[in-house]
Amino acid sequence: MIRKMTFRTQAPAIQLPEQLAFDAPEKLRLGNGVPVYLLEGGTEEIVRLELLFLAGSYHQHKPLVTYLAANLLKAGTEERSSVEISEVLDFYGTFLQVEAQKDIVSVSLLVLTKNLEYVLALLQDIIQTPSYPGSELEILLKNKKHQHIINSGKVSYLARLHFAEQLFGPEHPYGYRLRKGDFDQVGREDLLAYHRQWIHPGNLVVIASGRFPSEMMEELESHFGGASWKAPNESGDEPAFAVPLQKADPLFIYRKDALQSAIRVGKRIIERADEDYIRLAITNALLGGFFGSRLMKNIRQEKGYTYGIHSALVSMVREGYFFVSTQVGTEVCKAALEEIYLEIRRLRTEPATAAELNTLKNYLSGNFLRSFDGPFARAERFREMLVFGLKPVHYDLFLKELHEITPETIMETAHKHLHEESMIEVVAGNR
Amino acid sequence: MVDFDKYVLSNGLRVIVHRDSSTPLAAVNVLYDVGARDEDPQRTGFAHLFEHLMFEGSVHIPDFDTKLQDAGGENNAFTSNDLTNYYDTLPAQNLETAFWLESDRMLELAFSEEKLAVQKNVVIEEFRQSYLNQPYGDVWMLLRPLAYQQHPYMWPTIGKDISHIRDASLEEVKHFFRKFYHPGNAILTVTGNVKADEVFRLTEKWFGDIPGGEPYVRSLPQEPVQTSARRLAVERDVPFDQIFMAFPCYGRGEDEFYAADLLSDILSNGSSSRLVQRLVKGRRMFSEVNAYLTGNLDRGLFIVTGKLHEDTGMKDAEQAFQEELEALRKEKIGERELQKVKNKAEASHVYSEANVLTKAVNLAYYELMGDAGLLNRQPELYSREEADHLQETANEMFKPECLSVLEYHSSKTSP
């Protein structure tokens, strides 16, 4: 047995970040009006160039069109075949990341600074003049359908899809649940139409981060600033959808052989720019936003029901939602659900202890620092600001509110926004 | 280039420091030289179960996570067949908190029956979540014992059988700790906004008085050379067939490792790669393909795998892969194609250095291989490879008698 050593019982002194030095980059413009933001820095000779289009699957007329139009940009152009494109991108060691989300389409190129000049013309080509070859479309549809079928055998996937549908309704693009048949309904002309309408300079923001070659702006100008690349004359219609007025009943999706059940509990919440949002984010963190959260402590660390449980706020441009997610043994599914509701209720009935609040504040302030570490992380935060129309001051405000928040404010916030009776519940598996 | 300083304590703990003043953070990584390969065959899954227990409080500090969170920190850990690795990131000014916490759990854990019971449950749920309740989740439970008949790589880190976890006793857990968790069996790396002198001072202060422990001498049964091909066919409730082909491959420290790694890139890294171009796009036989190395310290596996389209037969799938492997054995890879995969390797290396935590994890790993400086030699070790050597390596690796095939059949007639 080791003799206790007194110096080891004493925690070293700590100090936490009070302020964050984040200056939003200056808004530059290309000749055709496209905004450009440069976030220079980092230790390695790498540049990340993101072309962000401010429209996503919210705007599509058929399921999958945004996904396909974005992911098949690199599948061929009027000038280059799919093989040529992938040869060049691979030869220069690039990573091309394509995101097709609800509100945005983003194409990000990660490349060694020295190689940027060799791939920009190609990037311009695939963004501006994709030809969407039919054979490539067929292949992607078939493979993606495979993936969908495989995923449909996972309780977590089922719970996620059905949960979104329960929240927003089957007609709403945020709630639409993908089906096998959707893969047989899309044609090349759908992608061309989507591209014409939404992937154009009128919708584009350029965010570059990392270490730049000497003539960064000139390079961007020559590839993306030309007057010949134009927004369409008629701007796309901004669709509008209603969300359900009443909350959906609990949904149970039975899977006979499941060893675990996937649980999702949650509700629609306020938008990102709402004045309560930061307080709600802090409240959520206490519930399930980190390893030391109440849900994790109770359901994993004390009861051992699960490998992991967490809760989160998700923001879209027009809506937002809160959810708790976990996978638990089927035999403890009911018990786990009870504990989840108990913890949601406890948020508004039981003040955080001084120790709880201290851990929460300190962890979140450190996490805040981590989320701004390095040029690529900063670019991500900045993109978030752009998409949600936040002001740079928002981030200072986060630290200020974090600093000032009290157990009472947390309870009030939970009472207002996370009442357990307002929750929607989806379980996939067995119970 | 990752510059570093190294220092060895008298109890055997190695410490490596890299300064990166561009970040306000510090990363602290503690690697223990113990993995699933070091487990008793009757008590598999122990290294990983133990990783969980390392967060359940130590002799002076009841709650590791909370104390680190109090300092604005975050942590996690992973266990592989070769090693167990713990890491923390936190604001650099709070560096000492990580030393306080990591040294205390190296000194002695606060073991208890209750904590063991809960973490056994958590691990059993992890086992179910990742291996049992997932389509294709049990692949490695099948493939490992097929490809390894002697070496302990025959079981996955989660363990061979869930009962090994369920039956683990507190005494066994304590014994495991004493055997593997001591300074002589560990490597500490610190990166970020830190100074080497200060790190060395803190290391002496917090780790200096921990007893060195008995050196662990690893003597694992080595896998005999495979002399005939092996095959296992199973049927499962999954929508599509999948094929896995495994060949014994070079260990991480062997020269041929780099050639083998480049061969796997030729096959499947990026959409211009051979398997994607020829078999996913050209012949449309697979919905996805992959070729990769398990990258173990002892001899690992070279895996070629693909999910079959409905109209592709298992035999045809294997034949198509065989043709690609044969091509690597018979024909020299062209200059441009070779340069392409070298460029990819270089770029991946540079991208990995943009992150303070990745640098800490990598330095520790290469130090375990014998020299942290190997990290900086990686680009050169790839770039010096030649087409002839890749061809020789392919000939050595892809011998028909070295093959293990797992045929993973779908029980459904149509998905």
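All values derive from a computational prediction rather than experimental measurement. (Residues numbered from 1 in each chain as written. Chains lettered and ligands numbered in written order. Predicted model: local features only at pLDDT ≥ 70, side-chain atom pairs only at ≥ 80, totals over all residues. Heavy atoms only, no water.)

**Student:** Quick question: what am I supposed to make of the overall build of chain B here?
**Tutor:** Summing up its helical and strand segments, chain B has 15 helices and eleven strands in all. Over its C-alpha trace chain B gives a radius of gyration of 23 Å, about what one expects of a compact globule, namely 22 Å for 415 residues. Counting only C-alpha atoms and orienting by the principal axes, one finds that chain B spans roughly 60 × 50 × 35 Å. Counting over 415 residues, chain B shows a buried share of 64%. Of the contacts formed within chain B by residues at least 6 apart in sequence, a portion of 81% connects residues at least 24 apart. (Helix = DSSP H or I, 4+ residues; strand = E, 2+ residues; numbered from the N terminus. Rg over C-alpha atoms; globule rule 2.2 N^0.38 Å. Buried < 20%, exposed > 50% of the residue type's maximum accessible area, 1.4 Å probe, protein only. Contact = heavy atoms within 4.5 Å.)

**Student:** What am I meant to see in the environment of B:Ser169 here?
**Tutor:** Residues and elements named next belong to chain B. Secondary-structure assignment places Ser169 in the loop between helix H6 (162–166) and helix H7 (170–180). For Ser169, a relative accessible area of 28% corresponds to the partly exposed category. Taking C-alpha positions, Ser169 is 8.4 Å from Leu116, a pair spaced 53 residues apart along the chain.

**Student:** When you look at the pattern of salt bridges in this model, what are you seeing that I'm missing?
**Tutor:** Close approach of charged atoms lets side chains of opposite charge pair. If you walk through the whole model with that rule in mind, you get 59 salt bridges over all chains. Among the salt bridges present, the one from B:Asp33 reaches B:Arg218, with a minimum N-O distance of 2.9 Å. With a gap of 185 residues between them, B:Asp33 in the loop between strand E3 (25–32) and helix H1 (46–53) and B:Arg218 in the loop between helix H8 (196–207) and strand E7 (230–236) connect regions that are remote in the sequence. We classify B:Arg218 as partly exposed; its relative accessible area is 27%. As a salt-bridge pair, B:Arg278 and B:Glu324 come within 2.7 Å of each other at their nearest N and O atoms. Taken as a pair, B:Arg278 in helix H10 (residues 274–282) and B:Glu324 in helix H11 (residues 314–330) lie far apart in primary sequence, 46 residues in all. The class of B:Arg278 is partly exposed, set by a relative accessible area of 39%. A single network of salt bridges, built from pairs that share partners, joins A:Arg48, A:Glu50, A:Glu99 and A:Arg383. (Salt bridge = Lys/Arg side-chain N within 4 Å of Asp/Glu carboxyl O.)

**Student:** Would you explain the domain arrangement of chain B in this entry?
**Tutor:** A common way to state how big an interface is: give the accessible area lost once the parts meet. Residue and element names in this part refer to chain B. Segmenting chain B into domains produces domain 1 (5–207) and domain 2 (230–410). The gap between the C-alpha centroids of domain 1 and domain 2 is 28 Å. Counting from both sides, the interface comprises 36 residues of domain 1 and, opposite them, 36 residues of domain 2. Of the roughly 3100 Å² buried between domain 1 and domain 2 on both sides combined, carbon and sulfur atoms contribute 69%. Among the residues domain 1 hides against domain 2, the three largest losses belong to Tyr136, Leu142 and Leu146. Together they make up 22% of the total. Here domain 1 is connected to domain 2 by five salt bridges. Lys6 is paired through a salt bridge with Glu367; the nearest N and O atoms lie 2.6 Å apart. There are 19 residue pairs in polar contact (both at pLDDT 80 or more) connecting domain 1 and domain 2. (Domains from an automatic or database assignment. Buried area = accessible area lost by both parts, 1.4 Å probe. Polar contact = N/O pair within 3.5 Å; in protein donor to acceptor, adjacent residues only side chain to side chain.)

**Student:** Explain the packing of aromatic side chains to me, please; I cannot follow it from the model alone.
**Tutor:** Under the defined criterion, the tally for this structure stands at 45 aromatic pairs over all chains. Between A:Phe168 and A:Tyr174, the ring centres sit 5.7 Å apart and the planes meet at 75°, which makes this aromatic pair edge-to-face. Both residues of the pair, A:Phe168 and A:Tyr174, belong to the buried class. On the basis of an interplanar angle of 10° and a centroid distance of 4.7 Å, the ring pair of B:Phe286 and B:Phe321 is categorised as stacked. With B:Phe286 in strand E9 (residues 286–293) and B:Phe321 in helix H11, the pair connects residues that are 35 residues apart, well separated along the chain. Each member of the pair B:Phe286 and B:Phe321 is classed as buried. (Phe/Tyr/Trp six-rings, centres within 6.5 Å; stacked < 30°, edge-to-face > 60°.)

**Student:** Would you explain the interface of chain A and chain B in this entry?
**Tutor:** The interface of chain A with chain B comprises 75 residues on the first partner and 83 residues on the second. Here chain A and chain B share an interface that buries about 6700 Å² over both sides, 55% of which is from carbon and sulfur atoms. With a shortest N-O distance of 3.9 Å, A:Arg370 and B:Glu74 are connected by a salt bridge. Counting across the interface, chain A meets chain B through 37 residue pairs in polar contact (both at pLDDT 80 or more). Secondary-structure elements contributing two or more residues to the side of chain A that touches chain B are helix H1 (6–9), helix H3 (82–91), strand E5 (105–112), helix H5 (134–151), helix H10 (294–302), strand E9 (306–315), strand E10 (320–329) and helix H12 (354–371) of chain A. In terms of residue count, H5(A) provides more of the side of chain A that touches chain B than any other element does, ten residues in total.

**Student:** Any chance you could explain the domain arrangement of chain A here in plain terms?
**Tutor:** Residue and element names in this part refer to chain A. For chain A, the assigned domains read domain 1 (28–224) and domain 2 (251–429). Placing a centre on the C-alpha atoms of domain 1 and another on those of domain 2 gives a separation of 29 Å. Each partner contributes residues to the interface: domain 1 has 35 residues there, and domain 2 has 32 residues. Taken together, the links from domain 1 to domain 2 amount to three salt bridges. Where domain 1 meets domain 2, there are six residue pairs in polar contact (both at pLDDT 80 or more). Elements supplying a minimum of two residues to the side of domain 1 that touches domain 2: strand E2 (35–40), strand E3 (46–53), E5, helix H6 (155–168) and strand E6 (204–210). Of the residues forming the side of domain 1 that touches domain 2, the biggest block, ten residues, is contributed by H6.

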